[in-house]
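Structural features, examined
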Amino acid sequence: MQGKKILMVVSAVALVLLLLLYLVPMHRTYSADIVVSADELIINRTICDTANWDKWYSDGEISQPRPVSFRESAVKKDKLFDYNLATGEGYKKEGWINVSRKNRWEIKLTWSEKLIFKNDIVKKFRLLFHPADFRPGFLQNVVRFKNVIEHPDHIFGGLVFERKEVPAGKLVTLSDTVMLSEVKDRISGLHNEILGRLAPEDIKNPGVFMSQYEMLEDSSVVLCVAVNVRDEFPDISEPFELIEMDEHPVIMIQTHRGYTNMDEDIAVMYEWLKRNDKRPATSYWVQHTPSTEIAQASGKTGFTIIQEVYSIK
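Residues numbered from 1 in each chain as written. Predicted model: local features only at pLDDT ≥ 70, side-chain atom pairs only at ≥ 80, totals over all residues. Heavy atoms only, no water.

**Some details on the overall build of the chain**
Secondary structure summary: the chain contains seven helices and 16 strands in total. Nonlocal contacts in the chain, meaning residues at least 24 apart in sequence, comprise 69% of its contacts between residues at least 6 apart. Here the chain has roughly 17600 Å² of accessible surface; of this, 54% comes from carbon and sulfur atoms. (Helix = DSSP H or I, 4+ residues; strand = E, 2+ residues; numbered from the N terminus. Contact = heavy atoms within 4.5 Å. Areas by Shrake-Rupley, 256 points an atom, 1.4 Å probe, with all protein chains shown as cover.)

**Concerning the pattern of salt bridges**
Two side chains carrying opposite charge are able to pair once their charged atoms lie near each other. Evaluated as defined, the whole model comprises 21 salt bridges. Between Glu-264 and Arg-257 there is a salt bridge, and its shortest N-O distance comes to 2.8 Å. Exposure remark for Glu-264: the relative accessible area of 31% places this residue in the partly exposed category. One salt bridge in this structure joins Arg-275 and Glu-271, with 2.9 Å as the shortest N-O distance. Of the two residues, Arg-275 and Glu-271 are both situated in helix α6 (residues 263-275); the distance of four residues between them amounts to about one turn of the helix. Within the structure, one salt-bridge network assembled from shared partners comprises Arg-45, Arg-257, Glu-264 and Asp-265. (Salt bridge = Lys/Arg side-chain N within 4 Å of Asp/Glu carboxyl O. Buried < 20%, exposed > 50% of the residue type's maximum accessible area, 1.4 Å probe, protein only.)

**Brief notes about empty space enclosed by the protein**
A water-sized probe rolled over the atoms picks out the places where empty space is left. Summed over all chains, the structure comprises one cavity of 30 Å³ or more. One number sums up the size of the largest cavity: a volume of about 90 Å³. Along its surface, the largest cavity is lined by Thr-46, Asp-49, Asn-52, Trp-53, Lys-55, Trp-56, Val-148, Ile-155, Phe-156, Gly-157 and Gly-158. Among the residues making up the lining of the largest cavity, the classes are represented as five nonpolar, four polar and two charged. (1 Å grid on protein atoms, 1.4 Å probe; cavity = no way out; pocket = protein on both sides within 12 Å on 5 of 7 lines; lining within 4 Å. Points joined across faces, edges and corners; volume = space filled by probe spheres on them. Nonpolar A, V, L, I, M, F, W, Y, C, P; charged D, E, K, R; others polar.)

**What to know about the side chain of Asp-59**
Assignment of secondary structure puts Asp-59 in the loop between α2 (40-48) and β2 (69-75). Among the residues examined, Asp-59 registers a relative accessible area of 15% and is labelled buried. A distance of 2.7 Å separates a polar side-chain atom of Asp-59 from the backbone nitrogen of Glu-61. A distance of 2.9 Å separates a polar atom in the side chain of Asp-59 from a polar atom in the side chain of Tyr-91. In this view, Asp-59 contacts Tyr-91 and Lys-93; residues no more than four positions away in its chain are not counted. (Polar contact = N/O pair within 3.5 Å; in protein donor to acceptor, adjacent residues only side chain to side chain.)

**So, the environment of Gly-95**
Structurally, Gly-95 is set in strand β4 (residues 91-101). Taking relative accessible area as the criterion, Gly-95 reaches 2% and is therefore assigned buried. Once the C-alpha coordinates of Gly-95 and Asn-84 are considered, the two residues, 11 residues apart in sequence, prove to be 6.4 Å apart. Those residues in contact with Gly-95 that sit more than four places away from it in its chain are Phe-81, Asp-82, Tyr-83, Ser-112 and Glu-113.

**Some details on the sheet that holds strand β1 (residues 26-36)**
Hydrogen bonds along the backbone pair up the strands of a sheet, which may run parallel or antiparallel. Taken together, the five strands give an open sheet; going across it, the order is β1-β5-β4-β3-β2, and neighbouring strands pair in antiparallel fashion. One side of each edge strand has no neighbouring strand; the edge strands of this open sheet are β1 and β2. For this sheet, the mean inter-axis angle between neighbouring strands, taken without regard to orientation, is 15°. Seen against the sheet, α2 touches β1, β2, β3 (78-86), β4 and β5 (107-117) and runs at an angle of roughly 170° to β4. Against the sheet, helix α3 (residues 121-129) engages β1 and β5, with an angle of about 60° to β1. (Pairing = 2+ DSSP bridges. Axes fitted to C-alpha atoms, helices over the stretch in contact; angles between N-to-C directions.)

**Some remarks on the layout of surface pockets**
Quantified by volume, the largest pocket comes out at close to 530 Å³. Every residue lining the largest pocket is counted, 24 residues in all, and those nearest its centre are Val-166, Leu-171, Met-210, Asn-228 and His-248. Breaking the lining of the largest pocket down by element, the ones donating at least two residues are β8 (162-166), β9 (169-179), β10 (209-215), β11 (220-229), β12 (241-245), β13 (248-255), β15 (285-288) and β16 (303-311). Of the residues assigned to the lining of the largest pocket, the class counts are 13 nonpolar, seven polar and four charged. Taken as a whole, the second largest pocket spans an internal volume of roughly 300 Å³. Together, 16 residues line the second largest pocket, and Gly-158, Leu-159, Val-160, Gln-254 and His-256 are the ones closest to its centre. Broken down by element, the residue count for the lining of the second largest pocket peaks at four residues, all from β13. Within the lining of the second largest pocket, the residues separate by chemical class into five nonpolar, six polar and five charged.

**What to know about unusual backbone geometry**
The omega torsion across Glu-238 and Pro-239 is 10°, close enough to zero to call that bond cis. Counting through the fold element by element, Pro-239 comes out in the loop between β11 and β12. Of note in the backbone geometry, Lys-76 takes a positive phi value of approximately 55° without being a glycine. Tracing the backbone shows Lys-76 in the loop between β2 and β3. Of the residues examined, Lys-76 reaches a relative accessible area of 85% and is grouped as exposed. Phi angles above zero are rare outside glycine, and Ser-219 is one such case at about 65°. Mapped onto the elements of the fold, Ser-219 is located in the loop between β10 and β11.

As structure tokens, then:
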């Protein structure tokens, strides 16, 4: 009789413990320090590019690892990023990434991530008695983040890079020296002057043209606008210039920054080229299309940057 009472008490306690284990969330925090050979611009932009986290972050429970909340803040000279990942089924991750400069060429990341299980009692038991089971997944994501920066493929620093071979062709260009504040208006003016000199049938891609500019020391720029013309197009007189282009490889990226405010994206592009053993062959071109002008009219910006490259290998 006494043994039966003891068994009932033990069973009741076990049931209460199981109920508590089911109702009370179980969590465990994992941390790691890692050094990445990159500058802060690339690190910060890669972290903030949450739409492409799936290129380096994986989780068996979360099919599309995009943070449901994300915050960036400054802590003295460091950057701190807080993120939240959740499935809506009782599984959540809370992360903290502290970004600090180690030296001129390297950045130190102190990364912590808390796993929280609310409902899955089997996962709670594993987290309670075998917490090391979950650490490799966390470390793999940290290492993948490092690799995607130090050995980039087509996505880098929040930009998508497209490799392309441009066939041989001809460009009619027109240049002018203007103040930086006048660049936007002068682009349209130069384009219209080129169109006024060409017959419609001479233009290869009507509505599409390119521009580039070079800064001078007195806040003025040398602005150049170019239009693709047919291969049979004859020579042209000054101030217009005809440039014959051989077939050449280029890198193309899309930017949503203003025309004279692309420095950050250009810096990312040059860093991508260096890490992929390529160098700029000429100054980059900015491609304008009718859709670009519509975007500008609606208060948005969007341009294609075209950079001719050569390989150093």
